[in-house]
Amino acid sequence: MPESPTDHVTYRLRSVGVDYATPAGPVAGARDVTLDIPASGMTVLAGPSGSGKSTLLRVLGLVEHPDRGSVELDGTAVTGLSHRHRRALRRDRISLVFQNPVDNLLPQLSVTGNLRAAAESAGHRHADDDILGELGLAGTCDWNVSALSGGQQQRLAFGCALARRTPVILADEPTSQLDDVSAARVLDVLRRLAARDLTVVVTSHDGRLIELATHLVRLRDGALHDVTPPEGHDPRKGAGTS
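Residues numbered from 1 in each chain as written. Predicted model: local features only at pLDDT ≥ 70, side-chain atom pairs only at ≥ 80, totals over all residues. Heavy atoms only, no water.

**Section: the nonpolar core**
Part 1 of the reasoning: By size, the foremost hydrophobic cluster in this structure holds 41 residues, and its most contacted members are Met 42, Val 44, Leu 115, Leu 156, Phe 158, Leu 190 and Leu 193.
Part 2 of the reasoning: Among the secondary structure elements, those contributing two or more residues to this core are strand 3 (41–46), helix 3 (111–121), helix 4 (131–134), helix 5 (150–164), strand 7 (168–172), helix 6 (180–194), strand 8 (199–204) and helix 7 (207–210).
Part 3 of the reasoning: Apart from the residues lying within four places of it in its own chain, the contact partners of Leu 156 are Leu 105, Val 111, Asn 114, Leu 115, Leu 132, Leu 135, Leu 137 and Leu 148.
Part 4 of the reasoning: Judged by nonpolar contacts, the second largest core, of 24 residues, contains Ile 37, Leu 60, Leu 73 and Leu 170. (Core = buried A, V, L, I, M, F, W, Y, C linked by side-chain atoms within 4.5 Å. Buried < 20%, exposed > 50% of the residue type's maximum accessible area, 1.4 Å probe, protein only. Helix = DSSP H or I, 4+ residues; strand = E, 2+ residues; numbered from the N terminus. Contact = heavy atoms within 4.5 Å.)

Rendered as structure tokens:
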């Protein structure tokens, strides 16, 4: 039996628009966005500040409700769902990593405590014991979050996403608050995630991260400017992060 398009697409957005009220009148955060997000690899939403990439990520995260258009997640129309059903979908299907590392973690818990809490938040009893080693954080299990560098905290945030075992990971400017060395290590984590059977969507204007994209979406003034799978790119290879 031939596979249907939904076997290869996680998100379908059709004519999505989001408006924000300002003292000067409504401003469009997203304008007539029609887009498919592949079910695997890394989709990068790129563009300057104000281009609409963070708005679009919130739509994908079921946090922002579009004023116009429709959104499907794994073939399910989500724009008409109740708040309770949207929250259940977020819990079961989506992990979100914020750009400020400390916003992703529970500072009162240890590294292992954060992984355990993340797993439990998605209904799992424990986290995979190999996660810290995979993220280059072996030996930190009993550390307080405050003892980690910014880059280590951000890697732990992705570890929490893995502990939740959701098929979708969304990240908003994950390298923007980091120095070059820390950012390079986070990029390596993202490269590994892109090679897994996961839907990874990242907003960024970091050229190194854009090079990791298997699907590149450029935005301008809230609208799609260009959508391209970079030619000849293999996400299993590095992107200048050594």
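**What to know about the sheet that holds strand 6 (residues 94–97)**
Part 1 of the reasoning: Within the open sheet, the six strands sit side by side as 6-7-8-3-9-10. Their pairing is mixed. Pairing within the sheet leaves two strands with one partner each, and these edge strands are strand 6 and strand 10 (223–228). When the angles between neighbouring strand axes are averaged without regard to direction, this sheet yields 15°.
Part 2 of the reasoning: On top of the sheet, helix 5 reaches strand 6 and strand 7; it is set at about 175° to strand 6, its chief contact. (Pairing = 2+ DSSP bridges. Axes fitted to C-alpha atoms, helices over the stretch in contact; angles between N-to-C directions.)

**Looking at the side chain of Gln 153**
Part 1 of the reasoning: Relative to the assigned elements, Gln 153 resides in helix 5.
Part 2 of the reasoning: In this structure the side chain of Gln 153 is engaged in a polar contact, spanning 3.1 Å, whose partner is the backbone oxygen of Val 145.
Part 3 of the reasoning: Apart from the residues lying within four places of it in its own chain, the contact partners of Gln 153 are Pro 101, Val 102, Leu 105, Val 145, Ser 146 and Leu 148. (Polar contact = N/O pair within 3.5 Å; in protein donor to acceptor, adjacent residues only side chain to side chain.)

**Some details on the environment of Pro 66**
Part 1 of the reasoning: Mapped onto the secondary structure, Pro 66 falls in the loop between helix 1 (53–60) and strand 4 (68–73).
Part 2 of the reasoning: The class of Pro 66 is buried, set by a relative accessible area of 8%.
Part 3 of the reasoning: Along the backbone, Pro 66 and Ser 149 are 83 residues apart, and their C-alpha atoms lie at a distance of 36 Å.
Part 4 of the reasoning: Those residues within four positions of Pro 66 in sequence are excluded, and the remaining contacts are Val 16, Gly 17, Val 18, Val 59, Val 71 and Thr 79.

**With respect to helix 3**
Part 1 of the reasoning: Those residues of helix 3 lying buried are Val 111, Gly 113, Asn 114, Leu 115, Ala 118 and Ala 119.
Part 2 of the reasoning: Looking one or two places after helix 3, you find Gly 123, whose phi comes out positive at around 85°.

**Remarks on the pairing of strand 2 (residues 27–38)**
Part 1 of the reasoning: By the bridge criterion, eight bridges tie strand 1 (residues 9–20) to strand 2 in an arrangement that is antiparallel. Looking at strand 2, one finds that Tyr 20 is bridged to Val 27.
Part 2 of the reasoning: Turn length for the strand 1-strand 2 hairpin, with the two strands adjacent in sequence and antiparallel, is six residues, and the turn residue Gly 25 shows positive phi of about 120°.

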